[in-house]
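Coordinates in review
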Amino acid sequence: MRSEEIPEIATLPMFAAMQPELRDSVFAAAFLQVFPPALRLFEVGARADFLHILVDGLVELYTASAGREVTIQLVRPVSSFILAAAYTDQRYLMSARTLSASRILMIPSSLLRDAIVRDSAFAQSALTEIALRYRTVIRALTDMKVRQTLERLANFLLLESKAQGGAAQFALPAEKRVIASLLGMAPENLSRACGALADHGALINGPTVRIVDRAKLTALARPDMVIDDQ
């Protein structure tokens, strides 16, 4: 990592409370790299040699079986992935690729494990990261179990709007095929759902979403203040 990049990275949540001398030694062996869109970062079954921390960009975590790919999660800045595999020195259970140009900090897993042992503040930060990722998975599973297709899409749009300060108009974060897979839909079902939302307060034209009646969209999505709270 270049010296001019260190002040920015040192303020990230995982490192802010870390012992300065230990943080310096970790950063000395870390890489901050810019990756182009559609680049595969690692595959299911590979050893977790690095902890990845997304600083800028968008990353898709996915898995594949019998020629079919399924999106598990979209990783947004600033967030680590996949910390559990790096900490336990086990194989990745998901593959990862960039969906946009992405800046990613890569820390050797062996240094990560050593730092967790030596620095209690860093260990607490790592535990918080793992807990947040677990809660994200539970939220996604609950959403899949309790909502129908159209309701899942409506809730997804409300969460996107909230993440952008309550914006009434915004762009989808990824291609529709990725959104469909993330929400457990076939692409053609997503297309039909996008059209159907016109009767429920949202207009979707290509990647652009416009919420014209938030009350209607909310009534369809039935957001839960506990489960859906980010």
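Now for a look at the structure at hand. (Residues numbered from 1 in each chain as written. Predicted model: local features only at pLDDT ≥ 70, side-chain atom pairs only at ≥ 80, totals over all residues. Heavy atoms only, no water.)

Focus: the overall build of the chain
Quick reminder of the rule: Helix and strand definitions here come from DSSP, where helices need a minimum of 4 consecutive H or I residues and strands a minimum of 2 consecutive E residues; each element is numbered from the N-terminal end. Just to be clear, the radius of gyration here is over C-alpha atoms, and the globule rule we use is 2.2 Å times residues to the power 0.38. Exposure is judged per residue with a 1.4 Å probe applied to protein chains only, and the accessible area is read against the type maximum: over 50% gives exposed, under 20% gives buried, and values in between give partly exposed. Contact between two residues is taken to exist if any of their heavy atoms lie within 4.5 Å; hydrogens are not considered.
Tallying secondary structure elements over the chain gives 9 helices and 11 strands in all. Taking 2.2 N^0.38 as the reference for a compact globule, 230 residues should give roughly 17 Å; the C-alpha atoms of the chain span a radius of gyration of 19 Å, in line with that estimate. By principal-axis analysis of the C-alpha atoms, the chain measures approximately 60 × 40 × 30 Å. When burial is assessed residue by residue, the chain has 42% of its 230 residues classed as buried. In the chain, once contacts between residues fewer than 6 apart in sequence are set aside, the share between residues at least 24 apart is 72%.

Describing the environment of N205
Within the secondary structure layout, N205 lies in strand β10 (residues 202-205). Separated by 34 residues in sequence, N205 and A171 have C-alpha atoms that sit 9.7 Å apart.

Overview of the packing of helix α6 (residues 149-163) against helix α9 (residues 214-221)
What counts, and what does not: Helix axes are fitted to C-alpha atoms over the stretch in contact, other axes to C-alpha atoms as well, and angles between N-to-C directions run from 0 to 180 degrees. Roughly parallel covers angles under 35 degrees, roughly antiparallel covers those over 145, roughly perpendicular covers 65 to 115, and oblique covers all other angles. Rotating anticlockwise by less than a right angle from the far helix to the near helix defines a left-handed crossing, while the corresponding clockwise rotation defines a right-handed one.
Across the interface, α6 lies against α9 with an axial gap of 8 Å and an inter-helix angle of 130°. Classified by the angle their axes make, α6 and α9 are oblique. Once α6 is placed against α9, the crossing between them reads as left-handed. Of the residues in α9, those in contact with L150, E151, A154, N155, L157, L158 and S161 of α6 are R214, L217, T218, L220 and A221.

Regarding the packing of aromatic side chains
Here is the rule: For Phe, Tyr and Trp, where Trp contributes only its six-membered ring, two rings pair if their centres lie within 6.5 Å, and the inter-plane angle classes them as stacked under 30 degrees, edge-to-face over 60, or tilted in between. As a reminder, the over-ring test applies to NZ of lysine and CZ of arginine, requiring each to be within 6 Å of the ring centre and within 35 degrees of the ring normal.
Within this structure, the stated rule accounts for 5 aromatic pairs. Here F31 and F50 contribute two aromatic rings whose centre-to-centre distance is 6.1 Å and whose plane-to-plane angle is 70°, an arrangement assigned as edge-to-face. Of the two residues, F31 sits in strand β1 (residues 31-35) while F50 sits in strand β3 (residues 50-56), which places them 19 residues apart along the sequence. Both rings, one in F42 and one in Y92, keep their centres 3.7 Å apart while their planes meet at 10°; by these two values the pair is stacked. On the criterion of sequence distance, the pair formed by F42 in strand β2 (residues 40-42) and Y92 in the loop between α3 (83-88) and β7 (95-98) is long-range, its members being 50 residues apart. A residue is classified by how much of its surface remains accessible, and F42, at 7% relative accessible area, is buried. What links up through ring pairs into an aromatic cluster is the set F15, F27 and F122. Its end group placed over the ring of Y62, R97 keeps NZ or CZ at 3.9 Å from the ring centre.

Details of the environment of L58
When you line up the elements, L58 lands in the loop between β3 and β4 (59-65). Along the chain, L58 and A101 lie 43 residues apart, while their C-alpha atoms are 7.5 Å from each other. With sequence-adjacent residues up to four places away left out, L58 is seen in contact with L74, V75, R76, R97, T98, L99, S100, S102, P173 and A174.

What to know about the pattern of salt bridges
What counts here: By convention in these notes, a salt bridge is any Lys or Arg side-chain nitrogen within 4 Å of a carboxyl oxygen on Asp or Glu.
Per the stated rule, a full pass over the model turns up 11 salt bridges. R177 is the partner of E175 in a salt bridge, and the nearest nitrogen-oxygen pair spans 3.0 Å. Overlapping salt bridges, with partners in common, bring together E60, E69 and R97 in one network.

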